[in-house]
Amino acid sequence: MKKALIICTSPRSGSNSTLLASQFAAGAEDAGLSVETVLLADSEPGFCQACYYCLSHSGQCFQQDIMNSIREKLVEADVLVFATPVYFYGMSGQMKTFIDRTIAFYKRIAAREVYLIATSGDPRSSAVDGTIKGLQGFIECLGDGAKLAGVVLGTGVSEAGDARHSAAYDEAYQMGRSIQP
Ligand SMILES: Cc1cc2nc3c(=O)[nH]c(=O)nc-3n(C[C@H](O)[C@H](O)[C@H](O)COP(=O)(O)O)c2cc1C
């Protein structure tokens, strides 16, 4: 059974991207995957300090936070899903910080399928372009065969909970449901 790890990076309660992520999770579970969701708002990782302590300590960061506790799950997951609000036409700082903190072990990440769920107030699909580009940089670093397998565009949603009434609500479920278990 494939394992999916969903990383929700919005800090706000009633978050649109987290709502879509829960739809994606429901679809993936119905498809037969084992799904775990991590809410970064519960335990935000600290910034990478570029000290490279991790490289001489088996990938362990000197900062005792969520990155150390989920590192092996991140390495072993078959499917990675990032859920983020669009902030100034890019990914959230929380998502970027999370990605930066994989510096010691990103080459061990097994997942070849990466999904993105992004929400923006701007209704244009181009509102997510910068976020997609940023994530693609990370995916390229994962190496051969890693690809952006799908994007849920939750555009035109500003207030918390707006995504429930958007087309993306069902699309997120369907995208999760479409994954081969
Ligand atoms: C700091 C900040 C920056 C934002 N920048 C943008 C932006 O550049 N483009 C946009 O369309 N919406 C922008 N928004 C609106 C959010 O993307 C939108 O409210 C989204 O639904 C938030 O997702 P969430 O509920 O998962 O946090 C911004 C919101 C904040 C708080």
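Look up: the structure comes first, before these words.
Residues numbered from 1 in each chain as written. Predicted model: local features only at pLDDT ≥ 70, side-chain atom pairs only at ≥ 80, totals over all residues. Heavy atoms only, no water.

Glancing now at the overall build of the chain. Scanning the chain from terminus to terminus reveals 5 helices and 5 strands. Ordered by position from the N terminus, the helices and strands of the chain form the series β-α-β-α-β-α-β-α-β-α. What you see for the chain is a C-alpha radius of gyration of 15 Å, in line with the 16 Å of a compact globule of 181 residues. Projecting the C-alpha coordinates of the chain onto the three principal axes gives extents of approximately 50 × 35 × 30 Å. Contacts in the chain between residues far apart in sequence, at least 24 positions, make up 79% of those at least 6 positions apart. Accessible area of the chain: about 8500 Å², with a carbon and sulfur share of 51%. Computing the positive centroid from 15 side-chain charges and the negative centroid from 19, the chain places the two 5 Å apart. (Helix = DSSP H or I, 4+ residues; strand = E, 2+ residues; numbered from the N terminus. Rg over C-alpha atoms; globule rule 2.2 N^0.38 Å. Contact = heavy atoms within 4.5 Å. Areas by Shrake-Rupley, 256 points an atom, 1.4 Å probe, with all protein chains shown as cover. Lys, Arg positive; Asp, Glu negative; His and termini not counted. Charge placed at Lys NZ, Arg CZ, Asp CG, Glu CD.)

What surrounds the ligand is a group of 16 residues, the closest being Ser10, Ser15, Ser17, Asp122 and Val157. The separation between an oxygen atom of the ligand and a polar main-chain atom of Asp122 is 2.7 Å. Across the complex, the protein chains shield 77% of the 640 Å² of accessible surface that the ligand would expose by itself. Residues of the shell around the ligand, tallied by class, amount to 6 nonpolar, 8 polar and 2 charged. (Near = heavy atom within 4 Å. Polar contact = N/O pair within 3.5 Å; in protein donor to acceptor, adjacent residues only side chain to side chain. Nonpolar A, V, L, I, M, F, W, Y, C, P; charged D, E, K, R; others polar.)

Of the pairings in the sheet, the one linking strand β4 (residues 113-119) to strand β5 (residues 147-154) comprises 7 bridges and is parallel in character. Looking at β5, one finds that Ile117 is bridged to Val152. Taken together, β4, helix α4 (residues 129-142) and β5 constitute a β-α-β crossover, and its handedness is right-handed. (Pairing = 2+ DSSP bridges. Right-handed = clockwise from strand over helix to strand, strands pointing away.)

With that settled, consider helix α1 (residues 16-31). The first and last C-alpha atoms of α1 sit 23 Å apart over 16 residues, in line with the 22 Å expected at 1.5 Å per residue. For α1, the set of buried residues is Asn16, Ser17, Leu19, Leu20, Ala21, Gln23, Phe24, Ala25, Gly27, Ala28 and Ala31. On its buried face, α1 is in contact with β1 (3-8), β2 (34-39), β3 (79-85), β4, β5 and α5 (167-177). Once α1 ends, the next one or two residues include Gly32, with phi positive near 105 degrees. (Expected span 1.5 Å × (residues − 1). Buried < 20%, exposed > 50% of the residue type's maximum accessible area, 1.4 Å probe, protein only.)

As a further point, take the pattern of salt bridges. All chains considered together, the criterion is met by 8 salt bridges. The residue Asp122 makes a salt bridge to Arg124 at a minimum N-O spacing of 2.7 Å. Accessibility expressed as a relative area gives 13% for Asp122, which makes it buried. Here the salt bridges share partners, and the residues they tie into one network are Arg71, Glu72 and Arg108. (Salt bridge = Lys/Arg side-chain N within 4 Å of Asp/Glu carboxyl O.)

This next bit is on empty space enclosed by the protein. Taking a probe equal in size to a water molecule and rolling it over the atoms shows the remaining empty space. Applying the stated criterion across every chain, the model contains 1 cavity of 30 Å³ or more. Lining of the largest cavity is provided by 18 residues; of these, Cys48, Cys54, Cys61, Arg101 and Ile103 occupy positions nearest its centre. Each residue belonging to the lining of the largest cavity can be placed in one class, and the counts come to 12 nonpolar, 4 polar and 2 charged. (1 Å grid on protein atoms, 1.4 Å probe; cavity = no way out; pocket = protein on both sides within 12 Å on 5 of 7 lines; lining within 4 Å. Points joined across faces, edges and corners; volume = space filled by probe spheres on them.)

What follows deals with the packing of α1 against α5. Two numbers describe how α1 lies on α5: the axes approach to 6 Å, and their chain directions differ by 35 degrees. In the crossing of α1 with α5, the sense of the turn from one axis to the other is right-handed. Here Leu19, Leu20, Gln23, Phe24, Ala26, Gly27, Ala28, Asp30 and Ala31 of α1 come into contact with α5, specifically with Ala168, Tyr169, Ala172, Tyr173, Met175, Gly176 and Arg177. Tallied by class, residues from the contact of α1 with α5 come to 11 nonpolar, 3 polar and 2 charged. (Axes fitted to C-alpha atoms, helices over the stretch in contact; angles between N-to-C directions. Left-handed = near helix turned anticlockwise from the far one by under 90°.)

With parallel pairing, the 5 strands of this open sheet are ordered in space as β2-β1-β3-β4-β5. Of all the strands in the sheet, just β2 and β5 have a single pairing partner and so form its edges. Strand-to-strand twist across the sheet, computed as the mean angle between neighbouring axes with direction ignored, equals 15 degrees. Across the face of the sheet, α5 comes into contact with β4 and β5 while running at roughly 160 degrees to β5.

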